[in-house]
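Residue-level structure breakdown
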Amino acid sequence: MSEKFPVYKSFDLSKINQDVLEKWEAENTFEESLKSRENNPSFVFFEGPPSANGMPGIHHVMGRTIKDIICRYKTLQGYKVERKAGWDTHGLPVELGVEKKLEITKEDIGKKISVDEYNAACRAEVMKYTKEWTDLTHKMGYWVNTEDPYITYDNKYIETLWYLLKQLFNKDLLYKGYTIQPYSPAAGTGLSTHELNQPGCYKDVKDTTCVAQFSIIKDEKSSFLYNEEDSDLVFIAWTTTPWTLPSNTALAVGPGISYVKVRSFNPYTGKPATYILAKERLSAYFNPKAAELSLADYNKGDKLIPFELVEEFKGKDLAGIKYEQLLPWVKPDGKAFEVITGDFVTTEDGTGIVHIAPTFGADDNRVAKMADIAGLILVDKDGNTQPMVDKTGRFFRLEDLDKEFINKFIDEEKYSEWAGRYVKNAYDSEANDETPTLDVDISVMLKLENKAFKVEKHVHNYPHCWRTDKPILYYPLDSWFIKTTNVKGRMMELNNTINWKPKSTGEGRFGKWLENLVDWNLSRSRYWGTPLPIWASEDRSQLKCIGSVEELMAEINKSVEAGFMTENPYKEFIVGDFSKENYEKIDLHRPYVDNIVLVGENGEKLHRELDLIDVWFDSGAMPYAQAHYPFENREDIESGKKFPADFIAEGVDQTRGWFFTLHALGTMLFDSVAFKNIISNGLVLDAKGNKMSKRLGNGIDPFGALEKFGSDPVRWYMATNSQPWDNLKFDINGVEETRRKFFGTLYNTYSFFALYANIDGFKYAEKDIELNDRPEIDRWILSILNSLVLEVKDSFEAFEPTRAGRAIQNFVSENLSNWYVRLSRKRYWGGEYSTDKISAYQTLYKCLETVSILMSPIAPFYSDMLFRDLNSITNRFDDISVHLAKFPEADSSLIDKELEERMDMAQNISSMVLGLRRKVKLRVRQPLSKIMIPILDDRTEAQIEAVRNIILSEINVKDIEYITDTSGILVKRIKPNFKTLGPKYGKQMKQIAAAINGLEQNAIVEFEKDGKYEISVDGESLSIDLSDVEIISEDIPGWLVANEGRLTVALDININKELKEEGIARELINRIQNTRKEIDFELTDKIHLCIGKHDEINEAVNNFKDYISTQVLAQDLSLADDLNEENAKQIEIDDIVTFIKIEKA
RNA sequence: AGUCCUUUAGCUCAGCUGGUUAGAGCGCUACACUGAUAAUGUAGAGGUCCGCAGUUCGAGUCUGCGAAGGACUACCA
C-alpha cells in the first residue's frame, strides 16, 4: 500500500464513478452493507415497481436518488435496509405495445393469434428495457437488489394476489355490479377511477355541443303549460355529446329550480316556438338586448331575436310531462320520454334541463332507475342486451343485431344511415382531420329538422385513456368491485398516522381523495394480467374464490372426478414445493385458467369470471406478494419485520395510484398502514419550467448526463436545488455548477491537505492533540463541524435530504475552504513538525473524514473515494468503504457557540478592513500599524481579543486598539429596539421612535451614563432604559471608518519607514515565490538568492533579510549590482524595477 | 367548477415563532490575491418580496379577495 495520500492529475467525477463502481463490484459492498448489519434492527423499505417496457428518464434518477439517500443514511445509522427491486409487468401498456408491434387489434386475439402466443409476446415485451433500467440503476449508484426482483407475472406473485383476493372475498368486500364506467374503446377495457387520475388524463377538448328542442306532448299533465297564443312548445336541453341524443329517454329538471316559458323563434329556421328553460339561464340563450323588441317585427335572419317571457314554474311542476322522442331510430322497451327530477341539476351551465341517456351517464342511469325510466337498449345477435354503441365505439351495425329486435324496435330506414358510425373520430382508424364528426352530423340534421336551438363549439375538460390517449366513453359494464367505501373511515384514521412529506399531500390531496372515495373497480377485460380467481355457476348463485395453487389443484381434481375435465393441467406441480422450478411448471395466466372448469356444491359447472384484475392491485399488494406471503415468510410479515414499510418514496402522481392501493390493501387486509413515512416528490421539469415530453423533445437523457458529469453532481444537484416535493427545474448548467462549487472545492481542500501531509509524512499516527492545546481556529472549525453533524442528522431523520445537503455544502465551501484553510495555510508549509502543525493536520483531516461520511448518502461515489483515500494511509476505520462506516456521533462538548460567534466577528472585522484598504488602494501586502474598535462592553472586547491574531494576520495589521471612552470622540448612533418597545407602548411607537432617532450626541452620552432616559410623547413623560435601544459608535472623526451592524472599525493608514520596508519585503517575497513556481522548483527546494541593488529596496532587503530568506527557503541572500536580463529575471514593484536571481542550492 | 402547491435580484433558491437596512449562489461589472493557482477573495450594480384590502405601533412573514403558473380532483349535462 502506498505511503502517500493519493493526489490526482485531474478531477474527473465521471471516471471516479466508474472506478468506485468497480470497487463496489469487486468487494460486494452492497451485500456487505447488509451482511454487516445482519443482526441489527431492520428499516423496511418498499420499492415501487417500474414498468420495464419504457425507457427510464431523468425523473427516475430523481425519485431513486431520494430513495437511495434515505436507505444509505439508515444503513450508516446501523439499520439493516433490505431493498428488493421489482417489475410491474402486467397491464394495458404492455398489451398495447404488443398489439402495435404485431400490428393487430384486441379483436384479433384468439383469432389471428392465440391467447397463448399473445401472452408470450407480452412476456417478452414487458422486459424489453430491463437492461437499460439495470444499467441506469447501476450507474447512478442506486442500491437495490436487482438480482432477485419481484416480478408481478410470476406465478408465486400471482398466488399471493389470489390469496389476498380470497381474503377480501371472504370479508365480503368483493362484489360484482353493473354500472356506467369509464371505458376505453381504443384499449377495449373499463378503467378504474385511479387510472383516470393519472396525470394528463383530463384534457381540454373542443367538441360540438348542441341545445336540442324536445317537443312537448299536449295531454292532461302538460295542459297547464298551454294557452292559445302558444306556438310549438318545447324543452331545450344542452349536451356536449350529441351522439348520445339518440339514446335519450328522459329529461331532468331540478325540483326547486324556477323555469320560464319564453316565446321566441328558432335562430336557424326562424320558426316561432315557445321554449322552456331555467329562469337563471335565460340570458345565456336570449340576448337581453332583444328584450324590448316586438315579436311581430321579427324577420328570419335578424341578428337580435325578440323574445317574450310568459310564465314561470317550479321544476317539480314539470315532472311527468311527456315529450316526443327526438330521434326516433330505436324504440325503448319501457317507460320513456318523460320529465323527471334530479337533485344534481344545476343552473351553472346549460339550460337547467338535462338530457338523460341512461346508458351513457352514471347520474343518468341512477335517476332513470329511480324514476323507472328505461334506457335505450339494443339486443345483439347473440341475444345480449347492449347500449346503442358497441365495444369498439360505434353505433351498432345492423348485421350485429338480433333480427327480431330490428323488426320490432328499429326504424331501419332512419337508423341504417347512422349504423356503424364511430361516436368519436378518435376510435376510427380511417378517420382524418377532414372526417366530419358524428356530433356535427347529428347537430346539422337537427338544425335542418328545426330541432336544434343552438349548436356551437365548446371547450371542456374530458377524460382520456391513460395509455391510448384517446377519449374514454362512459359505458355500461359488468364489473367486479372492491368495497373500499366500507373501510373509508378506517383508511382516513390510519392516514392520519402517516408522516407525509410534504404534509399537504397527505392531508390535502390524499386525505380529500379518501373523503370522496368510491369503490375500486377491479375488472379489466383484457388478456395479459392477473386473472380473477373467481369461478361462477351459470346462474351466478354459486361463487368460488380460489386462494392458492394448492386449493386450485384440489378443486381441479374434484372436477376431473366429476368428469368436467379430462385431466389436471397442473398435475406436474408439487404442492408445498416453493422452488422456482416447481412454479415454472404451471402458468396461472389466461388462457390456461380459462380452460379450468370447477364443480359447484350441487355438482354444477363453474366457469371462471373472464376478468383480469387492475394492475394497481398487483403493485399495491407488493409488500406481501414479494415475500410470497403467506406461503412463505409468513412470520416476517405478520411480526412487523417486513411490513409495514418504514419508508417509501415515489412521485406525487402516485398519490391516487400506488400510494392508494398500498394503503387500501394494508387497511383492508391487516388493519394497518402500509408505510409510516413517505416522500412524494414533484415533477422534473426542463430548465424553463416546462414539462418534459417526447413531443417537445426537451427531455434530458439520463445516461448522457450521468456519463458526462458522473452521478454524484447530478444527485447532489437534484437533492439540494429544491425540496423533493417542489418541482425541479432541471438545468444542466446547475449540475456543472455543483461539480465546480461543491465537489471541486472539496477536492481542492483534500488535495491541499494531501500535498502537505505527504511532505510532512502525516499519517494521523500521533495521539489526538488535546483541545486546549489546539489554536482558536481549530477549535472553531471543530465546533462548526460538530454542529454540522447534528444538523445533518436531524435533517436526514426528518426525511429532508435537501436541508442536509445544503448544510454540508455550506460547511465545505464557506467554513472549511474559504475560512479555515485559507487562514491556516501558513501553518502547513515549512517550519517544524510542531504540535500546532499536527493539530492543523488532525483538524483538517477530521473535517474531511467526517464530511465524507456525512455526504455519502447523497454522493456515494466521490465520498467513498475520499474516505478510502484518507483511510488508506491512516487506517482509522476498519471499514473498507464509507458505506459500511457508522454515522459520526456529534461531540457536543466541542460545540462552543461563543467561539462561533467571535469567529463571526473576526470575519466581519476582516472583511470591513479589507474593504477600507481597497477604498484607499492599500494592498494587503503593505502592513499597517493598527485598527481601532470602539467597545461597548467588556465581553465584546474579550471576544475580539480571543481572535485577535486571526484578524491581524488576515488583514496584515500590527495591532488592535480598543476605544472605550465616552469623552465624545466617538460619534454615536441610537436606534429604538422595536422588539422590547413594541409590546410596552404599542400605538405610541411611532412617536417614540421619532423621539429616539432625534436624540443629540450629548443626549445619547447622557443616556448611556444614566442607563435611562426620559422622553416626552404627547406631553406624557416616559422612561426608556438601555435595553430599549441600541447604541452604536458609528464614526470616529478623522479616521477611516467602516461599520456593519453593531461593529465599527477604524483603520490607521499612516505608514512609517519600517512598515514601508516590510511592505517591500513582502512584495519581494511574492515575486520570488512566483519565479520559483515559474521555473518549476519543488516546494521544498532550497535556493541561493541574489537581488539587484536599488536605492528604494536595499535597506528593506537588509533589514528583512532573515524574514525573506525563511519565506522563500533561501540559504543565502545577497544584494548585487551585476544583474541584468541575461543572468536574472526582471521584476517590478510599483515603479521600482530590479532583478532577482534564483539558483537551486 | 373545486382542492392543493408555487410566486422574493436576470437565473436557481434561503428567509425560524411578525421587529424597521430582505439574504446566498450563479451570471454581469470592477478590483484584489497568487506555493490550493484550469483555484481564490472583495466589492458594485440589480428587489413596488405577484396585486389589492385588512389585522397590527410594525407585514416578505398573519387573514381575506384576486392574478399567473403548476399539480390534482369531478357524474358534470
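Residues numbered from 1 in each chain as written. Chains lettered and ligands numbered in written order. Predicted model: local features only at pLDDT ≥ 70, side-chain atom pairs only at ≥ 80, totals over all residues. Heavy atoms only, no water.

**What about the layout of surface pockets?**
Heads up, the condition is: Each cavity reported here is a set of points on a 1 Å grid over the protein atoms alone in which a 1.4 Å probe fits but cannot get out, each pocket an open set with protein on both sides within 12 Å along at least five of seven lines, and each lining residue one with an atom within 4 Å of a point. Grid points are joined across faces, edges and corners, and a volume is the space filled by probe spheres set on the points. Numbering of helices and strands runs from the N terminus; a helix is a DSSP stretch of H or I covering at least four residues, while a strand is a stretch of E covering at least two. Here the nonpolar group is Ala, Val, Leu, Ile, Met, Phe, Trp, Tyr, Cys and Pro; Asp, Glu, Lys and Arg are the charged ones; every other residue, Gly included, is treated as polar.
When its volume is computed, the second largest pocket comes out at roughly 2,000 Å³. Around the second largest pocket, the lining comprises 48 residues; the ones closest to its centre are Arg825, Lys826, Trp829, Gln1073 and Gln1111. Of all the secondary structure elements, the ones that give two or more residues to the lining of the second largest pocket are α25 (732-760), α26 (776-797), α27 (801-828), α32 (948-955), β30 (957-963), α36 (1057-1078) and α38 (1105-1112). Of the residues assigned to the lining of the second largest pocket, the class counts are 20 nonpolar, 12 polar and 16 charged.

**A look at the sheet that holds strand β38 (residues 1114-1120)**
Condition: For two strands to be treated as a pair, DSSP must find no fewer than two bridges joining them. To get an axis, a line is fitted to the C-alpha atoms, and for a helix only the part in contact is used. The angle between two axes follows their N-to-C directions and goes from 0 to 180 degrees.
Across the sheet, which stays open at both edges, the four strands sit in the order β38-β37-β40-β39 with mixed pairing between neighbours. Among the strands making up the open sheet, the edge pair consists of β38 and β39 (1129-1133). In this sheet, neighbouring strand axes are inclined to one another by 25 degrees on average, regardless of whether the strands run parallel or antiparallel. Pairing between strand β37 (residues 1087-1092) and strand β40 (residues 1136-1144): five bridges, direction antiparallel. Looking at β40, one finds that Cys1090 is bridged to Lys1141.

**Observations regarding the pairing of strand β9 (residues 272-278)**
Here is the rule we go by: Here's how the labels work: a residue is buried when its accessible area is under 20% of the maximum for its type, exposed when over 50%, partly exposed in between, all with a 1.4 Å probe on protein chains only.
Here β9 lies mainly inside the structure; six of its seven residues are buried. Summarising the sheet, strand β6 (residues 233-239) and β9 pair through three bridges and their orientation is parallel. Among the inter-strand pairings, Val234 is bridged to a residue of β9, identified as Tyr275. The turn linking strand β8 (residues 258-265) back onto β9 is made up of six residues, and Gly270 within it adopts a positive phi angle of 75 degrees.

**Things to note about the pattern of salt bridges**
Note the threshold: For salt bridges, the criterion is a side-chain nitrogen of Lys or Arg within 4 Å of an Asp or Glu carboxyl oxygen.
Inspection of the entire model under this criterion finds 70 salt bridges. Across the salt bridge formed by Arg526 and Glu95, the nearest N and O atoms sit 2.8 Å from each other. Placement of the pair is Arg526 in the loop between β19 (523-524) and β20 (534-537) and Glu95 in helix α4 (residues 92-102), with a sequence separation of 431 residues. Put simply, Glu1067 and Arg925 hold a salt bridge, and the shortest N to O gap is 3.0 Å. Highlighted residues: Glu1067 in helix α36 and Arg925 in the loop between α30 (897-919) and β29 (928-934), separated in sequence by 142 residues.

**Considering the nonpolar core**
Applied cut-off: To define a nonpolar core, start from buried Ala, Val, Leu, Ile, Met, Phe, Trp, Tyr and Cys residues and group those joined through side-chain atoms within 4.5 Å. By the convention used here, residues are in contact when the closest approach between their heavy atoms is within 4.5 Å.
Within the largest apolar cluster, 96 residues are counted, with the highest numbers of intra-cluster contacts made by Phe753, Phe811, Tyr820, Met855, Tyr862, Ile931 and Ile944. Once residues lying within four places of it in the same chain are set aside, the contact partners of Met855 are Trp716, Phe742, Phe743, Leu746, Ile808, Tyr862 and Ser863.

**Observations regarding the packing of α30 against helix α31 (residues 938-946)**
For clarity, the cut-off: Any angle from 65 to 115 degrees is called roughly perpendicular, while one under 35 is roughly parallel, one over 145 is roughly antiparallel, and all others are oblique.
Where α30 contacts α31, the axes come no closer than 9 Å and their chain directions differ by 75 degrees. It follows that α30 is roughly perpendicular to α31 by the angle criterion. Of α31, the residues touching α30 (which contributes Glu898, Glu901, Arg902, Met905 and Ile909) are Arg939, Thr940, Gln943, Ile944 and Ala946. Of the residues in the contact of α30 with α31, the class split is four nonpolar, two polar and four charged.

**A closer look at the confidence of the model for chain A**
Under the convention used in this document: Known as pLDDT, the predictor's per-residue confidence is scaled from 0 to 100.
In the predicted model, chain A carries a mean pLDDT of 86, and 97% of its residues have values of at least 70. For this predicted complex, the interface score ipTM comes out at 0.84, alongside a pTM of 0.82.

**Here's the deal with helix α1 (residues 13-27)**
Just so we agree on the cut-off: Here the expected span of a helix is defined as 1.5 Å times the quantity of residues minus one. This arc is taken over the directions from the axis of the helix to the C-beta atoms. Two N or O atoms count as a polar contact when they lie within 3.5 Å, although within protein this holds only if one can serve as hydrogen donor and the other as acceptor, and sequence-adjacent residues are included solely when both atoms are side-chain atoms.
Look at α1: 21 Å from first C-alpha to last across 15 residues, which is about the 21 Å you get at 1.5 Å a residue. Every buried residue belonging to α1 is among Leu13, Ser14, Ile16, Asn17, Val20, Leu21 and Trp24, and all of these are buried. Around the axis of α1, the buried residues are gathered within 150 degrees of arc, so they sit on the same side. Along α1, the residues that are exposed and aim more than 90 degrees away from the buried face are Glu22, Glu25 and Ala26. One side-chain oxygen at the N-terminal end of α1 lies 3.0 Å from the backbone nitrogen of Ser14; it belongs to Asp12. Positive backbone phi, at 50 degrees, marks Asn28, one or two positions downstream of α1.

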